[in-house]
Amino acid sequence: WAFIHWPSTNWFPLKNISHMIEFTLFGLNPGAFHITNVVLHTASVLLLFLVFSRMTGTIWPGAFVAAIFAIHPLRAESVVWIEERKDVLSGLFFMLTLAAYFHYTRKRSIARYLTTLLLLAAGLLSKPMLVTTPIVLLLLDYWPLNRGRRSQVAGQKSEKGWRKLVVEKIPLFAISAITAFLSSRGIAPAHSAADQLPLLARVGNAFVSYVVYIWQMIWPAKLGVFYPFPQTGLPIWQPILAVVLLVAVTIAVFALRHSKPYLLVGWLWYLVMLLPVIGIVQINLQAHADRYTYLPQIGLSLMIAWGVADLLKTSNAEHRTENIEWNSLNSTLGVGRWALGVCSVAIVMALAITARAQVSYWRDSETLWNHTIAVTKDNYFAHASLADLLMRRGRLNEAIEHSKEALRIRPGDANSENNLGLALLQAGDTKDAVTHLEKALEIDPGLMNAEVNLAWVLATSSNDSLRNGPRAVEFAEDVASRAGHPNAIVLRTLAAAYAEVGRFDDAIAAAQQGIEVAKATGNEGLISDLERSITTFRTEEPIRSGP
């Protein structure tokens with residue numbers, strides 16, 4: 001099932017299988033799911049440290065990179081959010097791919113290459129964002145593996161020239177391309193964001209996002225779960241300034257590629273790994289997302305860690321050339337290393353404290369959405385999501401207010417219209433509820449939630465002017481056919497719609513199927529409701545059908 005379905009329009013078969021296994025073992029115990037995410041992230045941290053320590057032959061720069069990766073507040077979303085299992089699972093397979101590739105470069109063999117290929121495939125099946133991994137491996141060939149750089153003899157090219165290295169990666173590129181194609185099957189028909197945002201707007205936002213992620217790494221404040229794309233678009237100066245900055249840094253690291261190759265590798269790592277999620281192909285209407293930085297920002301950490309280490313080496317060399325006494329040199333360098341160690345610990349501690357605060361916002365959904373509203377501007381999505389939550393908690397007046405605020409910020413949002421309609425329905429204002437539900441379907445004719453809600457009203461309303469059995473059946477059958485798998489709420493609505501038009505056998509069959517589905521999730525309230533409905537249908541059948 002995981003391999004042939006695109007739930008929520010995304011294709012993450014191994015991520016879905018991991019959740020299936022946990023549910024089989026632990027049921028709906030969120031603690032088990034959280035522990036798994038933490039264990040996977042921790043394993044990735046350790047592997048990152050080991051891989052770069054082995055590749056470079058140094059310990060402390062790799063330790064710093066791993067520590068930043070482990071504790072940075074931007075990691076909170078990927079680790080704490082259970083649904084982001086795809087980040088931590090693909091991250092683990094990514095680290096294993098790097099380790100296997102390093103093992104292969106030490107002694108090339110078919111077995112070692114196939115191991116690398118299989119690990120990359122597993123990572124891609126966890127999250128297709130790893131499609132750029134073959135390019136990352138080429139970057140590692142340049143530094144620190146030095147497989148494609150010129151030999152030291154007469155400037156001759158080494159035997160392992162770049163052409164051979166690229167050819168070597170063809171199977172890796174091929175499996176990445178296949179994964180990208182399979183993933184696009186779900187994305188292409190399901191998301192209309194790309195149609196709503198002009199290409200130039202998306203390109204401009206992509207450049208700005210590159211800079212935003214850099215700033216968030218340096219100053220991780222006001223982090224939210226959703227950053228809305230500005231309704232009026234970005235000021236033109238922001239994309240222009242972002243392009244200038246990105247081009248300037250790219251030119252600088254390219255100019256320093258021979259003396260400081262880690263700068264070029266780290267910078268291109270960052271740029272390339274972000275490409276699949278930078279927003280050129282827009283999935284939703286977020287401007288950017290913290291979770292997208294999970295692996296790409298490792299590149300920036302590489303630049304910082306080895307850059308500082310290189311500065312210490314340069315300082316050492318300068319002191320030697322100036323013939324400073326050895327004892328004085330040792331003293332100076334010792335103080336420098338001590339100061340660097342203190343600064344590194346202070347940075348990690350500061351990030352740990354900030355990360356702890358960020359994690360606290362995820363303790364429940366209401367806290368998370370309220371925090372997101374507080375740290376972002378005109379966040380229609382956060383208001384709509386909070387409205388949905390408050391409605392399910394029975395706080396209808398607050399839900400209605402947040403739904404109206406979402407529509408004020410973004411008029412014509414189908415989900416917000418649906419939320420407002422459902423809240424009004426539960427508050428007893430059926431007529432206005434129908435108006436908003438119909439408006440939601442005008443905006444998005446395929447919005448299944450609105451179809452189900454409207455079908456329920458048309459089938460069960462006490463207001464005869466609103467009841468419309470044939471239309472209710474049409475909506476309910478449409479949703480049931482498109483849902484992909486049986487849904488108890490949809491089946492309850494379908495049963496009510498069938499009963500409204502006198503199709504009691506069909507109504508009883510739909511209700512019985514709904515009971516079976518509800519039993520699988522332990523929804524006792526829904527089971528009781530459906531059982532009462534079946535009793536009612538059997539009582540009403542001879543009355544409505546007549547002699």
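Here, the structure is the one placed above.
Residues numbered from 1 in each chain as written. Predicted model: local features only at pLDDT ≥ 70, side-chain atom pairs only at ≥ 80, totals over all residues. Heavy atoms only, no water.

Undergrad: Would you mind going over the overall build of the chain with me for this structure?
TA: In terms of helices and strands, the chain carries 25 helices and two strands. If you take every contact in the chain between residues at least 6 apart in sequence, the share linking residues at least 24 apart comes to 70%. Of the roughly 27,000 Å² of accessible surface on the chain, 63% is carried by carbon and sulfur atoms. (Helix = DSSP H or I, 4+ residues; strand = E, 2+ residues; numbered from the N terminus. Contact = heavy atoms within 4.5 Å. Areas by Shrake-Rupley, 256 points an atom, 1.4 Å probe, with all protein chains shown as cover.)

Undergrad: Which parts of the structure should I look at to understand unusual backbone geometry?
TA: Glycine aside, negative phi is the norm for most residues, and most peptide bonds take the trans geometry. With an omega of 10°, the peptide bond between tryptophan 143 and proline 144 qualifies as cis. Mapped onto the elements of the fold, proline 144 is located in the loop between helix H7 (133–142) and helix H8 (162–168). A positive phi angle is found at asparagine 146, which is not glycine, with a value near 55°. Inspection of the secondary structure puts asparagine 146 in the loop between H7 and H8. In this model, aspartate 378 sits at a positive phi of 50°, which is unusual for a non-glycine residue. By the element assignment, aspartate 378 lies in the loop between helix H16 (365–375) and helix H17 (380–392).

Undergrad: Looking at this model, I keep getting lost on the packing of aromatic side chains. Mind explaining?
TA: This model, assessed by the stated rule, comprises 16 aromatic pairs. Arranged with centres 6.1 Å apart and planes meeting at 50°, the rings of phenylalanine 52 and tryptophan 306 form a pair that is tilted. Pair noted here: phenylalanine 52 is in helix H2 (residues 30–56) and tryptophan 306 is in helix H14 (residues 298–321), with a separation of 254 residues, a long-range link. Note on phenylalanine 52: relative accessible area 1%, which makes it buried. With a relative accessible area of 8%, tryptophan 306 lands in the buried category. For the pair tyrosine 380 and phenylalanine 381, a centre-to-centre distance of 6.3 Å together with 85° between the ring planes defines the contact as edge-to-face. For phenylalanine 381, a relative accessible area of 32% gives the class partly exposed. Through a chain of ring-to-ring contacts, the aromatic side chains of Phe52, Phe94, Trp143, Tyr262, Trp269 and Trp306 assemble into a single cluster. Directly above the ring of tyrosine 380 sits arginine 410, whose terminal nitrogen or CZ lies 4.8 Å from the centroid. Directly above the ring of tryptophan 456 sits arginine 492, whose terminal nitrogen or CZ lies 4.7 Å from the centroid. (Phe/Tyr/Trp six-rings, centres within 6.5 Å; stacked < 30°, edge-to-face > 60°. Buried < 20%, exposed > 50% of the residue type's maximum accessible area, 1.4 Å probe, protein only. Lys NZ or Arg CZ within 6 Å of the ring centre and 35° of its normal.)

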